[in-house]
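Summary of structural features
Spelled out from the first residue to the last, the chains are:
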Amino acid sequence: MLPGRFYALLAPMTAAVQLSKVSKTFGAGVDAVHAFGPVDLTIESGEFISLLGPSGCGKSTLMLMIAGLLEATDGEIRVNGQVVDEPRTDIGIMFQDNTLVPWRNVEGNIALQLELRGHDPRGHKARIDALLKSVHLEGFAQRMPHELSGGMQQRAAFCQALVHEPKTVLLDEPLGKLDAMTRESIRSDLQALWMQKQPTVVFVTHSIEEAVQLSSRVCVVTPRPGRIDRVIDIDLPWPRDLEVKRSAKFANYVADIQGIFHGFGIL
Amino acid sequence: MASASSERTSLGPKWFDPLSRWAAKSWMFVIFFIGFFLFWEVSIDLFHVPRYILNKPSEIILASRADLPRLLEYTYVTGLEAILGYGIAISIAVPLGLAIAFSSILRRTIYPFFVSIEMTPKIAFAPLFISWLGFGLLPKVIIVFLVCFFPIVLNAILAFSSLSEELERFSRATGANWARVFWKVRLPAAMPQCFVGFKYAALNATVGATIAEFIGSDQGLGFYIQISTGNMRPDLAFAGIFLLTLLGLLMFGLVTAAERLLIPWHISVRRNA
């Protein structure tokens, strides 16, 4: 029995996400705003990659384009080898403002993802329960969103975004509106989930520390129009717990990236 | 829902609890309300108000008891006009609001027309409808329909066209067809704003029916109030006004009950719970 990795090598190599000369311009003529790109980037399957940059640099724009929810002005995007020209239904997506609906409880909100896809959620009860447990929401399945704290809402939203077991997950600043302590705690749950299920994750953030802690690679995005200035491999052991975060190497990565943004005139 | 019954503080039977809570919250209003009618009762004699101007509340009650059969019959007539017009307005305005929200052609034609007609007091059409259609039920129903239709349709358009960008994208990313997104996301998300229109229109309905009856009719509470005033019987006019108030309360109460039943999760319902 050979490790699964070996068979993966035999299969034709297709990157999870491939961007070639992708750019986005809003409007036309003299009013045109060049928002993003051109960008080339290859994201391998199972990677946790962060798009790190100041607000307004087009990170979210890129994410919507990968999801097929926004058309690129130029260039080509492929997900699992297929050109993206309509909304991809095989990905999980999550925004800064969560998509929990106020008329359904936590369990019902997670089931909504399945119901919209035409699945009967009753057949997936065990999966929903396991997901809730993995983000420490067991016992909250019957609660309404307004009964939960902001952090718990985002935890529930993670379950909603992951319940259909997508191979690719796009997270657009999912922790953006939370306080520092809650962010810290959800980060480690997110990391554990990723390590367990190994989906490809594209994570949009403007927190340097968050990007270094979670990512296998960090893409440093320049101010508008956003371009990927460089891609940094984060060579730190998993899981990135408190001990790793205390290490000199971790601090160096953070300091280096701070230096880059300082060079942009942002920090 | 969230706060399960905390410790009981009163001693009586359990059904008494909501009543005592209400009393604790509203006793000041109750006293003011009773005080208002007591003041009215005594000031008629105190200020020597002639009876053809205004009666005491007690006299109004006695007079309306004497004329009760006719009052009840007319309440039925006016109530029927109001409820029919209101019901038809809802059943046409909501689908139309949905269509306008999603059709760019309707949004450029009917929608601006509706917005400009919103400035017209609809009740101004009442004499025309009476002259076209006579004294019967139909012109009143149409007038009630007119005063109810616009708030409902404008709120429905707003409701169906203001789904959050995130939910819109979330729905698209699931690949669900339009109908499924409509039933599972758009419709429930639109309900709170729709109810704003329903409630506003419920208040308009009795106003529309009353004024339509003022203009031309031979039955109904509006007719009754007008005739009683002409006969210098303010006591009977007040009886009619009281029943109109009850009718309005009943309609508004039914809509509010429907709101609590259909969207118990909404903040406006939770806050008043």
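None of these values were measured; they are calculated from a predicted model.

Brief notes about the domain arrangement of chain A
Segmentation of chain A into domains returns domain 1 (14-90 + 188-267) and domain 2 (97-165). Averaged C-alpha coordinates put domain 1 of chain A and domain 2 of chain A at centres separated by 26 Å.

Comments concerning the domain arrangement of chain B
Interface extent is often summarised as the accessible area lost during association of the parts. Along its sequence, chain B is carved into domain 1 (13-49) and domain 2 (57-272). Computed over C-alpha atoms, the centres of domain 1 of chain B and domain 2 of chain B are 30 Å apart.

Remarks on the sheet that holds strand β2 (residues 33-43) of chain A
Residues and elements named next belong to chain A. Pairing in this open sheet of four strands is antiparallel, and the strands run β2-β1-β4-β5 from one edge to the other. Each edge of the sheet is formed by a strand with only one pairing partner; in this case those strands are β2 and β5 (82-83). Along the sheet, helix α2 (residues 59-66) contacts β1 (17-26), β2 and β4 (74-79); its crossing angle with β1, the most-contacted strand, is approximately 120°.

Let's talk about the confidence of the model for chain B
Per-residue confidence for chain B averages 91 on the pLDDT scale, and 95% of its residues sit at or above 70. Confidence scores differ between elements of chain B, with helix α11 (residues 267-272) of chain B showing the lowest mean pLDDT of 74 and helix α3 (residues 68-102) of chain B the highest of 96.

Some details on the packing of helix α5 (residues 126-133) of chain B against helix α6 (residues 137-160) of chain B
Residue and element names in this part refer to chain B. Here α5 crosses α6 at 155°, and the two axes come no closer than 9 Å. Here α5 is positioned roughly antiparallel relative to α6, judged by the angle of their axes. In this structure, the crossing between α5 and α6 has a hand that is right-handed. On α6, the residues that touch A126, F129, I130 and L133 of α5 are L138, P139, I142 and I143. Its residues assigned to classes, the contact of α5 with α6 comprises eight nonpolar, no polar and no charged.

Some thoughts on the interface of chain A and chain B
Facing 19 residues of chain A, the contacting portion of chain B comprises 20 residues. Going through the elements one at a time, β6 (91-94) and α3 (106-116) of chain A are the ones with two or more residues in the side of chain A that touches chain B. Per-element accounting of the side of chain A that touches chain B gives the leading share, four residues, to α3(A). Considering only residue class, the side of chain A that touches chain B consists of 12 nonpolar, three polar and four charged.

Rules used throughout
- Residues numbered from 1 in each chain as written.
- Chains lettered and ligands numbered in written order.
- Predicted model: local features only at pLDDT ≥ 70, side-chain atom pairs only at ≥ 80, totals over all residues.
- Domains from an automatic or database assignment.
- Pairing = 2+ DSSP bridges.
- Helix = DSSP H or I, 4+ residues; strand = E, 2+ residues; numbered from the N terminus.
- Contact = placed C-beta atoms within 7 Å.
- Axes fitted to C-alpha atoms, helices over the stretch in contact; angles between N-to-C directions.
- pLDDT = per-residue confidence, 0-100.
- Parallel < 35°, antiparallel > 145°, perpendicular 65-115°, else oblique.
- Left-handed = near helix turned anticlockwise from the far one by under 90°.
- Nonpolar A, V, L, I, M, F, W, Y, C, P; charged D, E, K, R; others polar.

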